[in-house]
Amino acid sequence: MSSNKIRKLDETLINRIAAGEVVVRPCSAIKELIENSLDASSHQIHVYVKQGGLKRIEIRDDGCGILKDDLPLLCERFATSKLSSVDDLYQLNTYGFRGEALASLSYASHLTVITKVKDSPCAYTCTYEDGKIKNQVKPCAGTNGTTLIVEDLFYNNSLRLKMMKSLDEYHRIVDCVQKLALRNTHVSFQLKHDQQLDCDILTLPSTTLYQNMKQLYGPEIVRDMYDITISKHALYLFECKAYFTGTNYSSSSSSKSQAIFILFINGRLVDCQPLKKQILSMYALYVSKSTLPFVYVDLQMEPSTLDVNIHPSKSEVRFLNSEQIIQIIVKQIEDVLVQKSAKHSTTQLT
Ligand code: ADP
Ligand code: MG
């Protein structure tokens with residue numbers, strides 16, 4: 001084979017390729033935008049989507065807002081207000097740090113921002129394309145906080161667009177907003193779609209996890225619910241709080257076709273396939289196949305033992321001593337299931 005000449009990719013192409021990794025589908029855009037609103041100390045986050053987020057995603061928060069002078073930089077790749085040195089990467093206390101979400105959205109959609117900081121007499125708005133501000137920053141009416149509007153997501157990626165169906169995408173969005181709303185009890189979330197007047201998701205501000213569980217997943221979920229608490233494990237120094245349905249819980253009344261497994265590590269909604277797999281296989285020993293458990297795990301660990309920087313979407317994580325930590329958690333949940341829940345079911349049956 002004759003060797004072809006190596007050329008550097010054009011910068012716009014590089015950024016479009018990278019954007020496809022950060023914003024995989026509408027719900028990944030929504031997760032990034034909600035995390036930005038949470039980083040901005042919002043107490044209200046309203047999400048409105050059209051056509052499963054493919055036509056329009058609008059997220060309005062009442063957070064700190066963005067300074068007018070920062071707007072030209074907002075969508076530049078690797079521009080962030082949250083990370084300034086390598087050391088910060090291992091002591092993260094914000095969701096964002098890569099400065100890539102808004103840049104990616106500007107490469108993959110038509111992006112508009114309206115924002116107002118508390119001390120400003122008015123709000124400002126502008127639009128972005130391919131990482132750059134498209135027009136001049138204009139003053140406009142608006143309340144304190146930020147609204148981001150993402151239109152025509154993947155308009156320039158026809159293959160990606162063809163692979164998405166609005167209804168499936170909307171289900172993924174509901175799933176993602178439910179999970180984020182569940183844990184962030186200090187924030188009132190709203191989710192609406194298309195012409196619908198009622199909210200699909202509505203949580204109260206300053207509520208409790210228990211209230212949110214009922215509100216978001218239905219009251220039947222808390223009727224056979226158990227929990228474990230591991231406070232500062234002596235050897236591996238992690239903390240864990242988990243809530244999970246017992247062996248009597250029957251999800252047949254709900255329309256869910258899959259078990260619900262929700263994992264937060266250091267406040268971050270993440271996936272950890274080994275933990276999910278081991279918990280669900282343990283459940284399979286005690287409940288029938290048609291019973292789909294609900295499991296919520298909230299883990300806290302030393303930031304220096306957690307690597308969230310595996311993929312641009314930050315969804316899969318790795319952590320030190322994961323095998324041992326997973327084993328400890330699964331064992332504790334199993335013990336409770338066996339001792340309390342299964343016992344409860346035998347007494348009920350006899
Ligand atoms: P990151 O969150 O990794 O910093 P983003 O591209 O998501 O990168 O956001 C870039 C910057 O824009 C943030 O660092 C923050 O300063 C600002 N920003 C984005 N969304 C909001 C928001 N809703 N409220 C206030 N500031 C925001
Ligand atoms: Mg961000």
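Just so it is clear, the structure is predicted and the values come from calculations on it, not from any experiment.

K.L.:
Looking at this structure, how should I read the sheet that holds strand β11 (residues 239–245)?
P.N.:
Where strands meet in a sheet, backbone hydrogen bonds hold them as pairs that are either parallel or antiparallel. In spatial order, the strands read β10-β11-β14-β12-β13; together these 5 strands make up an open sheet with mixed pairing. The sheet is open, and its two edges are formed by β10 (225–230) and β13 (268–269), each paired on a single side. Where strand β12 (residues 260–265) and strand β14 (residues 294–300) come together, 6 bridges link them in parallel fashion. Across the sheet, the residue bridging to F261 is V295, located in β14. Most of the contacts of helix α5 (residues 166–183) go to β12, to which it runs at about 55°, and overall it touches β12, β13 and β14.

K.L.:
Any chance you could explain the domain arrangement of the protein chain here in plain terms?
P.N.:
You'll often see interface size given as the accessible area lost when the parts meet. The domains assigned to the protein chain are domain 1 (11–202) and domain 2 (218–349). On a C-alpha basis, the centres of domain 1 and domain 2 stand 29 Å from each other.

K.L.:
Mind showing me how you'd approach the pairing of β11 here?
P.N.:
Burial analysis of β11 places 5 of its 7 residues in the buried class, the great majority of the element. Note that β10 and β11 share 6 bridges and pair antiparallel. Note that in β11 the partner of Y226 across the bridge is F244. Judged from the 6 bridges that link them, β11 and β14 form a sheet pairing that is antiparallel. When the sheet's bridge partners are listed, Y243 is paired in β14 with Y296.

K.L.:
Please explain the site of ligand 1 as it appears in this structure.
P.N.:
The full set close to ligand 1 counts 22 residues, and N36, A40, T80, G96 and A101 are the nearest of them. Looking at the shell around ligand 1, the elements that each hand over two or more residues are α2 (26–39) and α3 (101–108).

K.L.:
Explain helix α1 (residues 11–22) to me, please; I cannot follow it from the model alone.
P.N.:
Quick reminder: α-helices carry 3.6 residues per turn. Residues three or four places apart thus point the same way. For α1, built from 12 residues, the straight-helix expectation of 16 Å at 1.5 Å per residue is met to within 8% by its first-to-last C-alpha distance of 17 Å. Turning to α1, its buried residues are N15, A19 and V22. In an axial view of α1, the angular spread of the buried residues amounts to 60°, which keeps them on one side of the axis. Exposed residues pointing more than 90 degrees away from the buried face of α1 are listed as L13 and I17. Residues of α1 that are buried make contact with α3.

K.L.:
Help me understand the packing of α1 against α3, please; the structure alone is not making it clear to me.
P.N.:
Two quantities define a packed helix pair, namely the angle between the axes and the distance from one axis to the other. Where α1 contacts α3, the axes come no closer than 8 Å and their chain directions differ by 115°. Compared by their axis directions, α1 and α3 come out roughly perpendicular. The hand of the α1/α3 crossing is left-handed. Contacts between α1 and α3 involve N15, R16, A18, A19 and V22 on the former and, on the latter, A101, S104, Y107 and A108. Of the residues assigned to the contact of α1 with α3, the class counts are 6 nonpolar, 2 polar and 1 charged.

K.L.:
Sorry if this is basic, but what is going on with the pairing of strand β2 (residues 56–61) here?
P.N.:
Where a strand is regular, its side chains alternate between the two sheet faces. The sheet contact formed by strand β1 (residues 44–50) and β2 spans 6 bridges and is antiparallel. Of the residues in β2, the one forming a bridge with V47 is I59. Here β1 folds back onto β2 in antiparallel fashion, the turn holding 5 residues, of which Q51 has a positive phi close to 50°. Where β2 meets strand β7 (residues 145–151), 5 bridges bridge the pair, whose relative direction is antiparallel. The residue of β7 that forms the bridge with I59 is L148.

What counts and what doesn't
- Residues numbered from 1 in each chain as written.
- Chains lettered and ligands numbered in written order.
- Predicted model: local features only at pLDDT ≥ 70, side-chain atom pairs only at ≥ 80, totals over all residues.
- Pairing = 2+ DSSP bridges.
- Helix = DSSP H or I, 4+ residues; strand = E, 2+ residues; numbered from the N terminus.
- Contact = placed C-beta atoms within 7 Å.
- Axes fitted to C-alpha atoms, helices over the stretch in contact; angles between N-to-C directions.
- Domains from an automatic or database assignment.
- Buried ≥ 20, exposed ≤ 12 C-beta atoms within 10 Å, placed from the backbone.
- Near = placed C-beta within 6 Å.
- Expected span 1.5 Å × (residues − 1).
- Arc of directions from axis to C-beta.
- Parallel < 35°, antiparallel > 145°, perpendicular 65-115°, else oblique.
- Left-handed = near helix turned anticlockwise from the far one by under 90°.
- Nonpolar A, V, L, I, M, F, W, Y, C, P; charged D, E, K, R; others polar.

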